[in-house]
Amino acid sequence: MKPKLSFRPVLAVALAVAACAVMPAWPAHAASAATAATGRVQLAEHSVVVHTGHDLIVLRLIRANVLQVHFEPDGRTSPPSLVMASDVSRQAHVQARVTRAGDVVTLATGAMSVALDTRSMALSVSDASHHRTLVRQADLGALVARKLELNYPDGAPLYGIHSFSAQAGPLYGTPDCSTVEHDATGLLRQGRQVAKACPEGGAGGPFVWSTRGFGLLVDTKTATFDTGRGSITVDHTSRPDLSYYVIVGRPEAIFGAVADLSGHPPLFPEWAMGFTNSQWGIDQKQLLDIVKTYRAKHIPIDNFTLDFDWKAWGQDNYGEFRWNAKNFPDGPSGKLARMLAAEGMHLTGIMKPRVFIDTVEGRYATEHDLWVPGEKASDDYFVHKPVRDIDFDKPAARLWFGENAMKYGFDKGIVGWWNDEADEIDDNTQFLNMQRALYDAQRAHTNIRVWSINRSFLLGAQRYAYGLWSGDIQTGFASMARQRLRMINAIDVGAMNWGMDGGGFSGHPSDENYARWIEFGAFTPIFRVHGVKPEKRQPWRYGSVAEAAATRAIRLRYELIPYIYAYAWQDHVHGVGLVRPLTFDWPDDPQVRNDYAAWMFGQWLLVSPVVRQGQSIKHIYLPAGTWTDWFTGKVYRGGQTIQVKADARTWKDIPLFIRQGAIIPTQPVMDYVGEHAVTTVTLQVFPSERATQFEYYDDDGDTYAYEKGAYFLQRLATRRSGDSVTFRTGAPDGSYRPALRDYLVRVHGMRAGNVADAGRVLRHYASSSALRAAGGEGWTTEQDRYGPVTVLRLASGVARDVVMHASTGH
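I will try to describe carefully the structure that is included in this document.

1. With respect to the overall build of the protein
For step 1, the next point in the chain: When its secondary structure is counted, the protein shows 13 helices and 50 strands.
For step 2, the next point in the chain: Taking the principal axes of the C-alpha coordinates as reference, the protein spans close to 85 × 75 × 50 Å.
For step 3, the next point in the chain: Out of the 810 residues belonging to the protein, those deemed buried represent 64%.
For step 4, the next point in the chain: Accessible area for the protein stands at about 29,100 Å²; split by element, carbon and sulfur atoms hold 51% of it.
For step 5, the next point in the chain: On the protein, the mean spot of the 85 positive side-chain charges and the mean spot of the 84 negative ones are 3 Å from each other.

2. Quick word on unusual backbone geometry
For step 1, the next point in the chain: A cis geometry characterises the amide bond from Lys533 onward to Pro534, with omega recorded as 5 degrees.
For step 2, the next point in the chain: Notably, Met121 is not glycine yet its phi reads approximately 60 degrees, a positive angle.
For step 3, the next point in the chain: Relative to the helices and strands, Met121 is located in the loop between strand S9 (112-117) and strand S10 (122-127).
For step 4, the next point in the chain: Accessibility expressed as a relative area gives 0% for Met121, which makes it buried.
For step 5, the next point in the chain: We note that Ala758 has phi near 50 degrees; this positive angle belongs to a residue other than glycine.

3. Brief notes about helix H9 (residues 511-521)
For step 1, the next point in the chain: Burial runs high along H9: ten of the eleven residues are buried.
For step 2, the next point in the chain: Of all the positions in H9, only Glu512, Asn513, Tyr514, Ala515, Arg516, Trp517, Ile518, Glu519, Phe520 and Gly521 are classed as buried.
For step 3, the next point in the chain: Against strand S20 (275-279), helix H8 (477-492), strand S31 (527-529), helix H10 (543-559) and strand S33 (599-601) lie the buried residues of H9.

4. Digging into the packing of aromatic side chains
For step 1, the next point in the chain: One pass over the full model with this rule turns up 46 aromatic pairs.
For step 2, the next point in the chain: When the centroid spacing of 5.4 Å and the interplanar angle of 65 degrees are considered together, the rings of Trp323 and Phe328 count as edge-to-face. When sorted by exposure, Trp323 lands in the same class as Phe328, which is buried.
For step 3, the next point in the chain: A cation over a ring is seen here: Arg443 above Tyr704, with NZ or CZ 3.5 Å from the ring centre.
For step 4, the next point in the chain: Its guanidinium or amino end placed over the ring of Trp418, Arg528 lies 5.8 Å from that ring's centre, counting from NZ or CZ.

5. Topic: the sheet that holds strand S23 (residues 354-356)
For step 1, the next point in the chain: If you trace the three strands from one edge of the open sheet to the other, you get S23-S25-S24, paired in antiparallel fashion. What marks the edges here is a single partner per strand, and that holds for S23 and strand S24 (378-379).

6. Overview of the side chain of Thr551
For step 1, the next point in the chain: For Thr551, the location among the structural elements is in helix H10.
For step 2, the next point in the chain: Relative accessible area serves as the criterion here: at 13%, Thr551 is assigned to the buried category.
For step 3, the next point in the chain: Side-chain polar atoms of Thr551 contact the backbone oxygen of Glu547, separated by 2.7 Å.

7. A word on the nonpolar core
For step 1, the next point in the chain: If you look at the biggest cluster of nonpolar residues, it comprises 176 residues, and the most contacted ones within it are Leu287, Leu347, Phe523 and Leu560.
For step 2, the next point in the chain: If we skip the residues at most four places from it in the chain, Leu560 touches Phe523, Phe601, Leu605, Trp630, Ile664, Pro665 and Thr666.
For step 3, the next point in the chain: One finds Leu107, Met121, Ile161 and Val248 within the second-largest nonpolar core, a separate group that totals 41 residues.

8. So, a positive patch on the surface
For step 1, the next point in the chain: Together, Arg552, Arg649, Lys652 and Arg785 make up a positively charged patch on the protein surface.
For step 2, the next point in the chain: Its location among the elements puts Arg552 in helix H10.

9. Details of the packing of H9 against H10
The packing of two helices is summarised by the inter-axis angle and the distance between the axes.
For step 1, the next point in the chain: Running from N to C, H9 and H10 point in directions that differ by 0 degrees, and their axes come no closer than 9 Å. In this view, H9 runs roughly parallel relative to H10, as classed from their interaxial angle. Facing Asp511, Tyr514, Ala515, Ile518, Glu519 and Gly521 of H9, the residues of H10 in contact are Gly543, Ala546, Ala549, Ala550, Ala553, Ile554 and Arg557.
For step 2, the next point in the chain: Looking at side-chain class alone, the contact of H9 with H10 contains eight nonpolar, two polar and three charged residues.

10. Description of helix H11 (residues 561-574)
For step 1, the next point in the chain: An ideal rise of 1.5 Å per residue puts 20 Å on 14 residues; H11 measures up with 20 Å between its terminal C-alpha atoms.
For step 2, the next point in the chain: With respect to burial, H11 is a largely interior element, twelve of its 14 residues being buried.
For step 3, the next point in the chain: Listed in full, the buried residues belonging to H11 are Ile561, Pro562, Tyr563, Ile564, Tyr565, Ala566, Tyr567, Ala568, Trp569, Gln570, Asp571 and His572.
For step 4, the next point in the chain: Looking one or two residues past H11, Gly575 carries a phi angle of roughly 85 degrees, positive in sign.

11. Let's talk about the pattern of salt bridges
For step 1, the next point in the chain: Tallied over the entire structure, the rule returns 40 salt bridges.
For step 2, the next point in the chain: Put simply, Arg580 and Glu252 hold a salt bridge, and the shortest N to O gap is 2.7 Å. In this pair, Arg580 is assigned in strand S32 (residues 579-580) and Glu252 in helix H2 (residues 251-262), connecting sequence segments 328 residues apart.
For step 3, the next point in the chain: For Arg580, a relative accessible area of 4% translates into the label buried.
For step 4, the next point in the chain: Judged by its relative accessible area of 34%, Glu252 is partly exposed.
For step 5, the next point in the chain: The residue Glu424 makes a salt bridge to Arg455 at a minimum N-O spacing of 3.5 Å. Note that Glu424 is positioned in the loop between strand S26 (414-419) and helix H7 (430-445) and Arg455 in the loop between strand S27 (452-454) and strand S28 (456-458), a separation of 31 residues in sequence.
For step 6, the next point in the chain: According to the relative accessible area criterion, Glu424 is partly exposed, its value standing at 30%.
For step 7, the next point in the chain: Linked by salt bridges that have partners in common, Glu200, Lys352, Arg354, Asp380, Asp420, Glu421, Asp423, Glu424, Arg455 and Asp472 make up one network.

12. Considerations on the packing of H8 against H9
For step 1, the next point in the chain: Here H8 crosses H9 at 15 degrees, and the two axes come no closer than 10 Å. Considering the angle they form, H8 stands roughly parallel to H9. When you trace H8 past H9, the crossing you get is right-handed. Across from Phe477, Ser479, Met480, Gln483, Arg484 and Met487 in H8, the residues of H9 making contact are Glu512, Asn513, Arg516, Trp517 and Phe520.

13. As for the side chain of Arg557
For step 1, the next point in the chain: For Arg557, the location among the structural elements is in helix H10.
For step 2, the next point in the chain: In this structure, Arg557 is buried with no salt-bridge partner, the nearest side chain bearing the opposite charge being Asp302 at 9.0 Å.
For step 3, the next point in the chain: If we skip the residues at most four places from it in the chain, Arg557 touches Met273, Gly274, Gly521, Ala522, Phe523, Thr524, Pro525, Phe527, Ile564 and Phe601.

14. Description of the environment of Leu288
For step 1, the next point in the chain: Along the chain, the position of Leu288 falls in helix H3 (residues 284-297).
For step 2, the next point in the chain: The exposure class assigned to Leu288 is partly exposed, which follows from its relative accessible area of 25%.
For step 3, the next point in the chain: Residues Leu288 and Met339, spaced 51 residues apart in sequence, show a C-alpha to C-alpha distance of 9.1 Å.
For step 4, the next point in the chain: Dropping the residues within four chain positions of it, Leu288 is found in contact with Leu336, Met339 and Leu340.

What counts as what
Counting restarts for each chain: residues are numbered from 1 in the order of the written sequence. In keeping with the predicted nature of the model, local features appear solely for residues at pLDDT of at least 70, side-chain atom pairs appear and are counted solely at 80 or more, and the whole-chain, interface and lining totals rest on all residues. To obtain the side-chain values, all non-hydrogen atoms of the structure were included, while hydrogens and water were left out. Strands here are runs of E lasting at least two residues and helices are runs of H or I lasting at least four, both read from the DSSP assignment and numbered beginning at the N terminus. Here the term buried applies to any residue with accessible area under 20% of the maximum for its type, exposed to any over 50%, and partly exposed to those in between, with areas from a 1.4 Å probe on protein chains only. Per-residue and other accessible areas were derived by the Shrake-Rupley procedure at a 1.4 Å probe size, with only the shown protein chains allowed to occlude residues. In this tally, Lys and Arg are treated as positive and Asp and Glu as negative; His is ignored, and so are the chain termini. The atoms used to mark charge sites are NZ of Lys, CZ of Arg, CG of Asp and CD of Glu. We call two residues contacting when some pair of their heavy atoms lies within 4.5 Å. Between rings of Phe, Tyr and Trp, where Trp is taken as its six-membered ring, a pair exists when centres lie within 6.5 Å; planes separated by under 30 degrees are stacked, by over 60 edge-to-face, and by other angles tilted. Consider the ring centre and the ring normal. A charge sits over the ring if Lys NZ or Arg CZ is within 6 Å of that centre and within 35 degrees of that normal. Strands pair, by our definition, only if DSSP identifies at least two bridges between them. For this analysis, a polar contact is any N or O atom pair within 3.5 Å, provided that within protein one partner can donate a hydrogen and the other can accept it, and provided that sequence-adjacent residues contribute only side-chain to side-chain pairs. Each nonpolar core is a collection of buried residues, namely Ala, Val, Leu, Ile, Met, Phe, Trp, Tyr and Cys, held together in the definition by side-chain atoms within 4.5 Å. Residues enter a patch when their relative accessible area is above 30% and they make no salt bridge; the linking distance is 9 Å between like charges and 5 Å between nonpolar side chains (Val, Leu, Ile, Met, Phe, Trp, Tyr). Every case where a carboxyl oxygen of Asp or Glu lies within 4 Å of a side-chain nitrogen of Lys or Arg is listed as a salt bridge. Note on geometry: axes are lines fitted to C-alpha atoms, helical ones only across the stretch in contact, with angles between N-to-C directions running from 0 to 180 degrees. Working rule for angles: under 35 degrees goes down as roughly parallel, over 145 as roughly antiparallel, 65 to 115 as roughly perpendicular, anything else as oblique. Put simply, Ala, Val, Leu, Ile, Met, Phe, Trp, Tyr, Cys and Pro go in the nonpolar bin, Asp, Glu, Lys and Arg in the charged bin, and everything else, Gly too, in the polar bin. One fewer than the residue count of a helix, multiplied by 1.5 Å, yields its expected span. Note: crossing handedness is left-handed where the near helix turns anticlockwise from the far helix by less than a right angle, and right-handed where it turns clockwise.

Here it is in structure tokens:
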């Protein structure tokens, strides 16, 4: 059904664009007949309106780096698609200049420049800093025929649009979705591409971008892109009033704008930064025994996700939503959840989009028209009774589903949602709306944060506390290696919270495969393991060598929790999360254009996990900069491919490198997040000759109080200048006051002779143990695997300006 059009008077809307750029030679196109017939152009204070007969084409710069082009047939508009955030103002006020010189209208801000030739109706968009024309639309009048074609400099690499499915076939694939094995394009996008939430771990969205400095976001539920040879053509869009956004900037600026337009993700609970064990085939006794073993072995874990076993699946009276009292006697009362909470363990559970027809709930769905239209009943593969899918596009269906999930699940101890199999109907928004039902219900029901993982992703879903996992993948090294590409592809289309079935879903991994998979998973946004029934994925089931390697990786993850949580905040605020493709920081380096063997974990760590069986030598490309091996302290010059040894015997090594300039907060390893109050955070600081910074973030970890300013945010900065190093802490933002009392700042590569804070000399101690024992502020020097280090103890939560001068004796 076509969206309903509504009449809207043309209003002046804020535009932002930058100084007019010199245009290169582009192919000439004649103006369209519709434009040539009238071609009337109106300039308002912050907008340009082109009249094409009864239709309008409106240009708006709604951010300093974002141009909206909106074709309005008969001056009418339809509601935005679900890709777009409904609560984001399209009329943001930015400083813009709108001028006319002859036939050319120019709109400019400090970030971009837009030029419209009113005779040919050619539109060009340039960046303000380099005065480069980034994209050109030969004839705006072609929008009347619903034709969108942009030209860009030939050779510019393109990313986004879609990622890959885990499986193909009649159930798990469509003609528009492919697997990694059947598509050799890697990260790059060329040729026909469908913006689709593909099944089995696929991500998609009507969004394409380039490291050359531009992006295109189309406001549509579905679209087909044809890319290559300097042209992007978009058709099969869902709105009658075509609307799209041209974005200018480096990758982080592009993704920040996409977050503004499609919605910022709310924060997951802090426990979600830790480790999750998911399992199919389990009962209460087994669950309690597993948790007891994790705790006895001090293998950190925060979440256990239950498969079918937790549900009264197939039983009447809302069995799809409620506990199975036979498998989990203390589940329905909430006692089991309380027992596990006392051990620092959270319970999350699987949810399915289907309901049994011949049940109380099934008859309710029939009476209230909640089913997917036209879908026939099918046989549920688990209990072999007829089922149908709920249509989550319907508000009444979402309300009903969400309320029952709260009543039977959340209120009885299920605090997170593993949504499965909503990708088995060919609907781009079914999965998004399934999690939307749970998110809206939980936000209405409680102030406790929402957590979910889902088996496909459409851009915009991130608004609903939406994680993506990569589907029902196979075990083995080849399958594990493929997940690197699938993760980076998903992130390139905006799915920042990504995870996988660590160890693989189908099959039994070898001990080495399991150990290496845990090491890989420790450096992904959502860190979890899972397997098909009756597989078990606890570390101690894979031999002592694998257990030791896996435990080491999990404990390292928990040491980095403050670092990881800070990037969850960055994702929430700026739209760029924990894992960053190398293209984000080195967009001009051709070596990283299609590189998914390594990625940035936050801004300061580069990781390249071992994914080959028995590998003893690994080659890793390090981009420009200076890099230090996390484990050995060996320093490498960037801009080259290095060779490192891999431990094929104990599997305990992880190729992990620190970028010069890093500020990395760490904390003592705990059995679960929040087991103890963190009063001291250690900062690993590697100053460079350019100023660098890190925003340390904390809050209560559980609620949405941060949305009202209850958080702690302190900017930390450092710089080396000759024989001195400066370390600064800014005044904190937010009303939350954490347990944190001080920072233990380890400044590497510096053996200080004197240290002063804003001219005040800090007290020197003979050793780190003496500094710790003193309990107050001060400094000392020592040696570690990275070389000489100056150790500062500074109170947190206050502004400081500390200068260290190197000892003249060293």
